[in-house]
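# Analysis of the macromolecular model
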Amino acid sequence: MEGFSLTLSFLERSELITARDFSSSMDSLLRWLSLAERMESGRASRTVWMIRDMHHSTPTLVLVPDAPSASAVRAVRRIHENVRSWANAPHEVNLIPEEEDILRTMSALADRLDIVLSLDDPTDGVRLISTAATTVAKLRSMDMESSGVIEGMLESVTVHERRECSIWDTQSGRRVRVTFDPDMLDIVRSLFGCRVYARGRIVYNLSSPVRLRLEDLQAAPERSEMPISHLFDIGREWFDDFPSGELSTRMWTDGE
């Protein structure tokens, strides 16, 4: 782990790389590294990435973690492997909402620059922004939108720069990002941590809901803890003790 680093080479596609594009691409990458480390370790990332070297012929940065950790190394390798596999097999892409947000931000830069990320072997670089653009295009081609209802646990609420919550959809087993208008903030807050029915315009990726524009929100009834075995034999005393075949015949022919 000692001496571990990642190299970022910035490739120009127009004239010069603007400061804004450089800042935006680096911000997206750092968000992705933080997210990947959280997914690897199960806790928030504490890694601070430092610039060890800069080269000027092709704008290049060499980044190292301030305190090398196994989770930071795994995070970088996770991104490297994912980008390489998505480039080769885009139909196998499976993103969580935070990853999709990062890739959509990166893809907006695709006509102006690219970033080649390499680790131990400089010849084994992967193109972050090109792959992001290809992946997002694939996701868009699979998206469909319709009105509907999802059921699940309302898990988070944010009003920082946007009004958004997330619902863990019980059918797909995925987190759905939900946006809502200011007048729905009180009901969203009141149902935080509860099972809910959320109605609105749903964007699906394949058959799984990924985003919802909220129109109505209601508490869902709590599910019964009664095991299904307790339902066996209920109502048996309603009928005479006939074999099931004879009972069915009598029911269908009754009154004839």
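Refer to the structure printed above.
Residues numbered from 1 in each chain as written. Predicted model: local features only at pLDDT ≥ 70, side-chain atom pairs only at ≥ 80, totals over all residues. Heavy atoms only, no water.

So, about the overall build of the chain. Within the chain, the regular secondary structure consists of 6 helices and 10 strands. Burial analysis of the chain (256 residues in total) assigns 38% to the buried set. Within the chain, residue pairs in contact and separated by at least 24 positions form 63% of the contacts whose partners lie at least 6 positions apart. Here the chain displays about 15,400 Å² of accessible surface, and carbon together with sulfur accounts for 51% of that area. (Helix = DSSP H or I, 4+ residues; strand = E, 2+ residues; numbered from the N terminus. Buried < 20%, exposed > 50% of the residue type's maximum accessible area, 1.4 Å probe, protein only. Contact = heavy atoms within 4.5 Å. Areas by Shrake-Rupley, 256 points an atom, 1.4 Å probe, with all protein chains shown as cover.)

Moving on, we get to the sheet that holds strand E3 (residues 60–65). The 5 strands are arranged E2-E3-E1-E4-E5 in an open sheet whose pairing can be described as antiparallel. Looking at strand neighbours, the two that pair on one side only are strand E2 (49–55) and strand E5 (126–127), the edges of this open sheet. As judged from the 2 bridges shared by strand E4 (residues 113–118) and E5, these two strands associate in the antiparallel manner. Opposite Val116, over in E5, you have Arg127 as the bridge partner. Helix-sheet contacts for helix H1 (residues 19–41) involve strand E1 (6–12), E2, E3 and E4, and the interaxial angle to E1 is about 145°. (Pairing = 2+ DSSP bridges. Axes fitted to C-alpha atoms, helices over the stretch in contact; angles between N-to-C directions.)

Applying the stated criterion across every chain, the model contains 18 salt bridges. Salt-bridge contacts for Arg84 lead to Glu81; the nearest nitrogen and oxygen are separated by 2.4 Å. Of the two residues, Arg84 and Glu81 both sit in helix H2 (residues 70–88), 3 residues apart, roughly one turn of that helix. The residue Glu100 makes a salt bridge to Arg104 at a minimum N-O spacing of 2.5 Å. Here the residue Glu100 and the residue Arg104 both occupy positions in helix H3 (residues 97–107), the gap between them amounting to 4 residues, near one helical turn. Since its relative accessible area comes to 10%, Glu100 is described here as buried. By sharing partners, the salt bridges in this structure join Arg13, Asp114 and Arg127 into a single network. (Salt bridge = Lys/Arg side-chain N within 4 Å of Asp/Glu carboxyl O.)

With that out of the way, let us pick up the packing of aromatic side chains. In total, this model carries 2 aromatic pairs according to the counting rule given. An angle of 40° between the planes, with centres 4.9 Å apart, marks the rings of Phe10 and Phe22 as tilted. Residue Phe10 is found in strand E1, and its partner Phe22 is found in helix H1; the two are separated by 12 residues along the sequence. Owing to a relative accessible area of 33%, Phe22 belongs among the partly exposed residues under this scheme. The interplanar angle of 10° and the centroid separation of 6.2 Å between the aromatic rings of Trp32 and Trp86 together place this pair among those described as stacked. Of this pair, Trp32 sits in helix H1 while Trp86 sits in helix H2, and the two are 54 residues apart along the sequence. You'll find Trp32 and Trp86 in the same group, each marked buried. (Phe/Tyr/Trp six-rings, centres within 6.5 Å; stacked < 30°, edge-to-face > 60°.)

Turning next to the environment of Leu8. Checked against the element boundaries, Leu8 lands in strand E1. Residues Leu8 and Leu117, spaced 109 residues apart in sequence, show a C-alpha to C-alpha distance of 4.9 Å. When near neighbours in sequence (up to four residues on either side) are disregarded, Leu8 contacts Met26, Leu29, Pro59, Thr60, Leu61, Leu63, Ile115, Val116 and Leu117.

Right, let's get into the nonpolar core. Counting 37 residues, the largest nonpolar core has Leu6, Leu8, Trp32, Trp49, Leu117 and Leu128 as the members making the most contacts within it. With 7 residues, H2 is the single largest residue contributor to this core. What Trp49 contacts, discounting residues up to four positions off in sequence, is Phe4, Leu6, Leu30, Leu33, Leu63, Val64, Pro65, Ala72 and Val76. Membership of the second largest hydrophobic core comes to 18 residues, among which are Ile150, Leu154, Val178 and Leu191. (Core = buried A, V, L, I, M, F, W, Y, C linked by side-chain atoms within 4.5 Å.)

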